[in-house]
Amino acid sequence: MSGHLAVVGGGITGVAAFNALVAYGAAERISVIDPLPVGRGTAFATSDPSLICNTSVDTLSLVPEEPEDFLHHLRAGGVDARPEDFVPRWLVSRYARERFLAHRERAERRGVRVGHVRDRAVRVERTAAGDYRVALARGPALPADGVLVCHGYGTPVVPEPVREHLGRPRMFAAPYPERDLLAALPAEPARILVIGTRLSAIETTLLLTGRGHDVVMTSPSGELPAVRTHTLRPRGRYVDAAAVARLDLTDPRLERRVLRIVEQATARIRPLPLARQTDASADPVRRLRAETELAARGDILWQEVMVELIDLVNDRTAGTPLEVREQALRRCHRLLGRYMGAFPLDNARRLLGLFDAGRVRLRRGIPERLTEAGGWRAHWPDGTTETFEAVVCATGLHHPVLEVTGGALHLTPGDEPDRRVPVVDAELRVHLAGAARPERIWLLGIAAHLGVPLVNAVYPAARQAAALGRRLAGRDTGERAA
Ligand SMILES: Cc1cc2nc3c(=O)[nH]c(=O)nc-3n(C[C@H](O)[C@H](O)[C@H](O)COP(=O)(O)OP(=O)(O)OC[C@H]3O[C@@H](n4cnc5c(N)ncnc54)[C@H](O)[C@@H]3O)c2cc1C
């Protein structure tokens, strides 16, 4: 058991980590550091019920050992959910908050001291005695015997043409919080440019059209994700784990090899070539229509093996050099972007209806320039212009700042010349610059991207948290944190 553990970030991952520390009796004292209330996080702090999860109830449990924990929470609260459902996102933050409070009470009953420090962690310093101090933005530094870094996403990704206009009216770096976005838009129907064509751009489009606005969606590729009806935990062993373990991450044909593994895995469910589970139309709307039909017919067997594949890929790649992993991710961008980032069938049908009604249009290539002209004029690469009442970037979020020097892990930007990207081992422990041994500093959730590739979901974060709880309590089963 550890003495005092600090959990930096009280979002979904921070709560999963806190709960695991309590459940496994891994610490005598736990401090959660977050300027925001614990359990909100970035993605689930929504209030509009139309903003739904893109993963099923079945993969949103914060407790991997109790995979139906979220389902039970929903049913206990009167929500008649099924494991495959994509429920409104605010229900996930309600769940996290409720489970946090329950675990806090449980910890306190056992004499574990629990605190919430409402401050922002700036860096984690190693002391001469070999333990740590978490430097805070406002208050005095917090001493700790170990630190779990769960600080989630960084700032929004803002495309070049938007940057110079940030802060101007009706120019939004991100669609969230959606309440602020909707409040700043005109009450009467307007034309809005949404930059992005992936998950958050799609849901922003549905949100805006639901308020009577018309939307043009645009991105460099102009491509939409595939469609799915659920993300269920593996119901059998379909993926050839040995084939995943044998993958050469430096192979230029890596994506093709992974697709082959997916095809073989789906064949164990029912023989159906991958080419008949997907559509290859060049026109993205036609492709969406065809893939919506495939999803509605149940002919998208690939979705049955995705969660199993994510687990195996994370296990296979944990601890491999960052450059190798990043190159592998780039090589598999189609699989990752379209299929792991697929969107719910109901939303696909709604989006198709909007395309058909002419309320939403899709463009490839973002504007070269934006100028203020009683609204925002977009100057398209083909020389044409179009005017919009508002521009909303739904282009994703950066990874958080994580840099090391010889004595500290930094969580905010800085210009010390010796800063570098930390080495992170297979247990997601951080090495300070030049250090041979890992620290008692762990990265979890989105922050773990430096250690494992596929972290952009609650499911792997909860697994990481549980594995770490077990390990800290001395009940390590050898399972990887990834
Ligand atoms: C729009 C959107 C929709 C998504 N939908 C789904 C989905 O349906 N299903 C799914 O599985 N995943 C989804 N994801 C991914 C999911 O959000 C993440 O996998 C996971 O929730 C991240 O949780 P987190 O706690 O690691 O980070 P965050 O949610 O970003 O929370 C980080 C917390 O840390 C705090 N913090 C940040 N910096 C500091 C600091 N320096 N000091 C102290 N505290 C700090 C923040 O205030 C925040 O409370 C979605 C993501 C987005 C962006």
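Note: the structure precedes this text.
About the cut-offs
- Residues numbered from 1 in each chain as written.
- Predicted model: local features only at pLDDT ≥ 70, side-chain atom pairs only at ≥ 80, totals over all residues.
- Heavy atoms only, no water.
- Near = heavy atom within 4 Å.
- Polar contact = N/O pair within 3.5 Å; in protein donor to acceptor, adjacent residues only side chain to side chain.
- Areas by Shrake-Rupley, 256 points an atom, 1.4 Å probe, with all protein chains shown as cover.
- Nonpolar A, V, L, I, M, F, W, Y, C, P; charged D, E, K, R; others polar.
- Axes fitted to C-alpha atoms, helices over the stretch in contact; angles between N-to-C directions.
- Helix = DSSP H or I, 4+ residues; strand = E, 2+ residues; numbered from the N terminus.
- Parallel < 35°, antiparallel > 145°, perpendicular 65-115°, else oblique.
- Left-handed = near helix turned anticlockwise from the far one by under 90°.
- Contact = heavy atoms within 4.5 Å.
- Pairing = 2+ DSSP bridges.
- Buried < 20%, exposed > 50% of the residue type's maximum accessible area, 1.4 Å probe, protein only.
- Right-handed = clockwise from strand over helix to strand, strands pointing away.

Focus on the site of the ligand
(1) Moving on: Taken together, the neighbourhood of the ligand is formed by 32 residues, with Thr13, Asp34, Thr42, Asn54 and Thr55 sitting nearest.
(2) Moving on: Between an oxygen atom of the ligand and a side-chain N or O atom of Thr42, the distance comes to 2.6 Å.
(3) Moving on: Contact distances for the ligand include 3.3 Å between a nitrogen atom and a side-chain N or O atom of Arg120.
(4) Moving on: Coverage of the ligand by the protein chains reaches 93% of its 1,000 Å² of free accessible surface.
(5) Moving on: Among the residues making up the shell around the ligand, the classes are represented as 18 nonpolar, 10 polar and 4 charged.

What about the packing of helix H10 (residues 302-317) against helix H14 (residues 458-472)?
Packed helices, taken two at a time, are described by the angle between their axes plus the distance between the axes.
(1) Moving on: The contact between H10 and H14 brings their axes to 11 Å, and the two run at 50 degrees. Looking at the two axes, H10 sits oblique to H14. Helix-helix and strand crossings are classified by hand; for H10 and H14 the assignment is right-handed. When H10 is examined against H14, the residues Val307, Asp311, Asn314 and Asp315 are found in contact with a partner set consisting of Tyr459, Pro460 and Arg463.
(2) Moving on: Counted by class, the contact of H10 with H14 contains 3 nonpolar, 1 polar and 3 charged residues.

A word on the sheet that holds strand S22 (residues 441-443)
(1) Moving on: Here we have 5 strands laid out as an open sheet, ordered S3-S2-S1-S7-S22, and parallel in their pairing. Each end of this open sheet is capped by a strand with a single partner; those strands are strand S3 (113-117) and S22. Within the sheet, the average angular offset between the axes of one strand and its neighbour, ignoring direction, is 15 degrees.
(2) Moving on: Sheet analysis places strand S7 (residues 146-149) next to S22, joined by 3 bridges and oriented parallel. Within S22, the residue paired with Val149 across the bridge is Leu443.
(3) Moving on: Against the sheet, helix H1 (residues 12-23) contacts strand S1 (2-8), strand S2 (27-33), S3 and S7, and its axis sits at roughly 170 degrees relative to S2.

Observations concerning the pairing of S2
(1) Moving on: Of all 7 residues that make up S2, 5 are buried, and the element is covered over most of its length.
(2) Moving on: As judged from the 6 bridges shared by S1 and S2, these two strands associate in the parallel manner. Looking across to S2, one finds that Ser2 is bridged to Ala27.
(3) Moving on: For the handedness criterion, the β-α-β arrangement of S1, H1 and S2 is classed as right-handed.
(4) Moving on: Inspection of the sheet shows S2 paired to S3 by 5 bridges, in the parallel sense.

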